[in-house]
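What follows is the residue order along each chain.
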Amino acid sequence: MKTSSPHAALNKIESKAAEWLVRRRDASHSSEEDEQFYAWIESDPRHGEAYDALALTLEDVGQLAKLSELAPRRRQRWVVTAGAIVAALACLGLVFLAQSRTNPDQTFATEIAQTRIVTLEDGSVVHLGAGSTIRTRFESDARRVVLEEGEAYFEVAHDAAHPFYVEAGGTVVRVLGTRFRVHRGATGVRVEVREGRVQVRDTRAVTLTSPAVRVLTAGQATEVQERPTYIAFAAVAPPVEAAPASVGAWESGRLAYDNATLADVVADINRYYRPSVRFSDPAVGEQRVTAAFRVDEIPAFIEALDATLPVTVERDSHGAYLIADTPSPAN
Amino acid sequence: MAERRLTPLPTSPNDAPPSLATLYERHWEELIRYVRYTFGVGPPEPEDVVQAAFTHFAALVQPELVGNPRAFLYRAARNFVIDQRRHGLVRARAAQRGFLQDAVEATDEHDSERVLEGKDHLRILEETLRGLSPRLRDALILHRIEELSYVDVARRMGVSQTTAKRLVAEAVLICHRAVRAATGED
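None of these values were measured; they are calculated from a predicted model. (Residues numbered from 1 in each chain as written. Chains lettered and ligands numbered in written order. Predicted model: local features only at pLDDT ≥ 70, side-chain atom pairs only at ≥ 80, totals over all residues. Heavy atoms only, no water.)

Student: Let's hear about the nonpolar core: which residues, and what values?
Tutor: If you look at the biggest cluster of nonpolar residues, it comprises 65 residues, and the most contacted ones within it are A:Tyr51, B:Phe54, B:Phe57 and B:Leu140. Broken down by element, this core gets its largest block of residues, 10 residues, from helix α1 (residues 20–39) of chain B. Every residue in contact with B:Phe57, bar those within four places of it in the chain, is listed here: B:Leu20, B:Leu23, B:Pro63, B:Val66, B:Pro69, B:Phe72 and B:Leu73. A:Val126, A:Phe154, A:Ala168 and A:Val198 belong to the second largest nonpolar core, which has 26 residues in total. (Core = buried A, V, L, I, M, F, W, Y, C linked by side-chain atoms within 4.5 Å. Buried < 20%, exposed > 50% of the residue type's maximum accessible area, 1.4 Å probe, protein only. Helix = DSSP H or I, 4+ residues; strand = E, 2+ residues; numbered from the N terminus. Contact = heavy atoms within 4.5 Å.)

What follows is the structure, given as C-alpha cells:
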C-alpha cells in the first residue's frame, strides 16, 4: 500500500506537527488540548523532531523581516499606527526614526575627567561617566548599546517593540523602559536600578546551580564577575538592596565605595586622574577598601592609603602613583 | 610538520563553531519564545527550561561535533519539559545531574546532522515564501512578520480564524519542506 511508505508517514507527521504548531501559538488553548498535545508529542520521538523543525522554520520566517524588502511592510504599519495618534510633524519624526533603525554603529566617548550627556535617536538619554565609551546600534527589532569601558547611567525611552540592551563584556542587561546605571570595572560589571525592571544576564556562564539571569527591580543592584570559564557557581550575584542609583559619581564629583576591591577603586580613579595610578603587582589590588572622596581629593586619598593598608605609595615627577606591597619585615 | 589536531582547523572566521556566548546571544530570546508558546509559562518556567538546555549543551564533551547547535537546543529544551512532566521534579533533578552522561549520547546522535550556512538557508526560505500563493504568503507574513494574532490575520484577510490557522500551517509546512529538500536529506 502506498500509505505505508516511510515518506508518506513522514509527510503525515509533518502535517500534524504544522497543525499543532499553529494551535500552540494561539493564545487560547484548553487544558484538554494541552493533554492531547503532550500525548501526541510523547507518543513518537519523530513527533517532537518534526514539531521543532517546523518551529525553527517559522522562527526563521521572522528573521526574513530583517533581511529582505519584506521588512518595509512592518515599518509602514508601525508608522501608520503611530501617525494615527500623533501630530503630522511628530509623524515625520517617526518616519525618520523608523528609517534610522538600520543606521550603522555610532560611538560616543568621554576623555579622562570629562562627562557627557548624549540623547540617542530613540529619545533615550545616556549620562556618560569619565573615561567611558559606548557604541550604539539600532536594529529593526532591538536597540543595542555596548559599554566598551567606564560607566553610564541610562534613562531609556519606553518602546515595548524594541527592547533596549546594554552589553558590557559578557553581561547583557535587557530593559523596555527604565533608569539604571551600568559600571564596568576591573573585576566585573555592576548594575543598579533606579526605576522599573531590568534583566541581567551573563552570556558566558552556564551554571548548574546558580542562574545566569536575574531580574532587578527599583532599588536593587547586582554584580557579574569577569571570569575566564563558562561553568561557574555564581554567574549573576543575587540582587542586593542598594541606595537608589543616581546619575553617577560624576554629578556630585564624589566616589564612594563600600568594601570594594582596591583594583575597582583605582580603575575608577584612572578615569578621573590623568597621571595614572598603577599597582606593582595585580595582587595588591585585591585588598578591600571602604572609602568616600571627591575627585579633586584623589591624590590625597592615594597618598593616605599606606595609613590603612599594608602598602607603600610612590609618586613620580609627573604625578603618577605606584602602589606596592609593603616589604615584609625581615625576621 | 605534522598537523596533530583532531578537529579540523577553521579556514575562515565563519567556519569556526559559534561560542557558547554567541549561541546565547543569538538564540536565548527565540528559545524562550518557543518554550512559552509550546508549553506555556510553566512550571517549569521558560527561563529555567532554556537555561537547562544551554547547561546541557555546555556540558557536552565535544560541542563542536554538534552539527546544528540551534536544533540541539530546541530539542534539549523540549526534552527537559517532557522529562519533568513524565517523571516529576525529583527525577528531572536527577536527570540534570546526569547531563554529562546524556550529553555524550546526544553528541553521537547529532554527529551527522548538517546545516546550511545561515544565509543560504534564509535565501531558500525567502524564495519559497515568494513562490507561495498570495493567500498562503499573506497569512504567513501577517502572522509571523507583522506578528498579528489569528483573530487579526482572519480579520485582515476576510476569512475565518480556522481558515487563517490552516493557511499559516500550510505555508510553514511548504517552507519547511523546501528547506529540508535543500539540505539534501531526501
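Student: Please set out the interface of chain B and chain A residue by residue, giving values where relevant.
Tutor: Taken residue by residue, the interface counts 54 residues in chain B and 59 residues in chain A. For the pair chain B and chain A, the summed buried area comes to about 5,400 Å², and 57% of that belongs to carbon and sulfur atoms. Broken down residue by residue, the surface that chain B buries against chain A is led by B:Tyr37, B:Arg144 and B:Ile145, which jointly contribute 13%. Our count for the chain B to chain A interface comes out at 10 salt bridges. The salt bridge partner of B:Lys165 is A:Asp26, with a shortest N-O separation of 2.6 Å. In this assembly, chain B and chain A are joined by 20 residue pairs in polar contact (both at pLDDT 80 or more). Mapped by element, the contributors of at least two residues to the side of chain B that touches chain A are α1, α2 (46–58), α3 (69–97), α5 (118–131), α6 (134–145), α7 (150–157) and α8 (161–182) of chain B. Split by residue class, the side of chain B that touches chain A holds 26 nonpolar, eight polar and 20 charged. (Buried area = accessible area lost by both parts, 1.4 Å probe. Salt bridge = Lys/Arg side-chain N within 4 Å of Asp/Glu carboxyl O. Polar contact = N/O pair within 3.5 Å; in protein donor to acceptor, adjacent residues only side chain to side chain. Nonpolar A, V, L, I, M, F, W, Y, C, P; charged D, E, K, R; others polar.)

Student: Now, about the pattern of salt bridges: what can you tell me, with residues and values included?
Tutor: Inspection of every chain in the model, using the stated rule, returns 41 salt bridges over all chains. Notably, a salt bridge pairs B:Arg70 with A:Asp60, separated by 2.9 Å at the nearest N-O pair. Remark: A:Asp60 occurs in helix α3 (residues 45–67) and B:Arg70 occurs in helix α3; the pair is interchain, linking two chains. Comparing B:Arg70 with A:Asp60, the two get one shared label, buried. Close ionic contact of A:Asp296 with A:Arg294 constitutes a salt bridge, the shortest N to O distance being 3.2 Å. Relative accessible area serves as the criterion here: at 56%, A:Asp296 is assigned to the exposed category. Overall, the relative accessible area of 36% leaves A:Arg294 in the partly exposed class.

Student: Describe the sheet that holds strand β18 (residues 321–325) of chain A, listing the residues and the values that go with them.
Tutor: All names here are of chain A. A sheet is described by the order of its strands in space; here three strands give the open sequence β15-β18-β17, paired in mixed fashion. Looking at strand neighbours, the two that pair on one side only are β15 (277–279) and β17 (311–315), the edges of this open sheet. The average angle at which neighbouring strand axes cross in this sheet is 25°, direction not considered. With three bridges joining them, β15 and β18 adopt parallel strand pairing. Note on β18: the bridge partner recorded for Phe 279 is Ile 323. Those strands touched by helix α7 (residues 262–269) are β15 and β18, and its axis lies near 150° from that of β15. (Pairing = 2+ DSSP bridges. Axes fitted to C-alpha atoms, helices over the stretch in contact; angles between N-to-C directions.)

Student: Talk me through α7(B); I want residue IDs and the actual numbers.
Tutor: The complete set of buried residues in α7(B) reads B:Tyr150, B:Val153 and B:Ala154. The buried side chains of α7(B) occupy one side of the element, clustering within an arc of 100° when seen end-on. On the buried face of α7(B), the contacting elements are α1 (6–24) of chain A together with α6 and α8 of chain B. Looking one or two places after α7(B), you find B:Gly158, whose phi comes out positive at around 70°. (Arc of directions from axis to C-beta.)

Student: I'd like to hear about unusual backbone geometry, residue by residue, with values.
Tutor: At B:Glu147, a residue that is not glycine, the phi angle is positive and equals roughly 55°. Turning to its location among the elements, B:Glu147 is positioned in the loop between α6 and α7.

Student: For the confidence of the model for chain B, give the residues involved together with the corresponding values.
Tutor: Residues and elements named next belong to chain B. Looking at chain B, the pLDDT average stands at 73 and 71% of residues meet or exceed 70. Across chain B, element-level confidence peaks in α8 with a mean pLDDT of 91 and bottoms out in helix α4 (residues 99–110) with 40. Scored below 50 in pLDDT, residues 1–14 makes four contacts in the model with residues more than four places away or belonging to other chains. When the criterion is pLDDT under 50, residues 97–116 qualifies, and its contacts beyond four places in sequence or with other chains add up to 33 contacts. Among the prediction metrics, the complex's ipTM stands at 0.76, with pTM recorded as 0.48. (pLDDT = per-residue confidence, 0-100.)

Student: Tell me what's going on with the packing of α1(B) against α2(B), and back it up with residues and numbers.
Tutor: Residue and element names in this part refer to chain B. Viewed as axis vectors pointing N to C, α1 and α2 meet at an angle of 140°, and their least axial separation amounts to 9 Å. On the basis of their axis angle, the class for α1 and α2 is oblique. For α1 against α2, the interelement crossing comes out right-handed. Contacts between α1 and α2 pair Leu 20, Leu 23, Tyr 24, Trp 28, Leu 31, Ile 32, Val 35 and Arg 36 from the former with Pro 46, Glu 47, Val 49, Val 50, Gln 51, Phe 54, Phe 57 and Ala 58 from the latter. In the contact of α1 with α2, the residues fall into 13 nonpolar, one polar and two charged. (Parallel < 35°, antiparallel > 145°, perpendicular 65-115°, else oblique. Left-handed = near helix turned anticlockwise from the far one by under 90°.)

Student: Explain α8(B) residue by residue, including any values.
Tutor: Between the first and last C-alpha of α8(B) there are 32 Å, a value that for 22 residues agrees with the 32 Å anticipated at 1.5 Å per step. Here α8(B) has its buried residues at B:Thr163, B:Ala164, B:Leu167, B:Val168, B:Ala169, B:Ala171, B:Val172, B:Leu173, B:Cys175, B:His176, B:Val179 and B:Arg180. (Expected span 1.5 Å × (residues − 1).)

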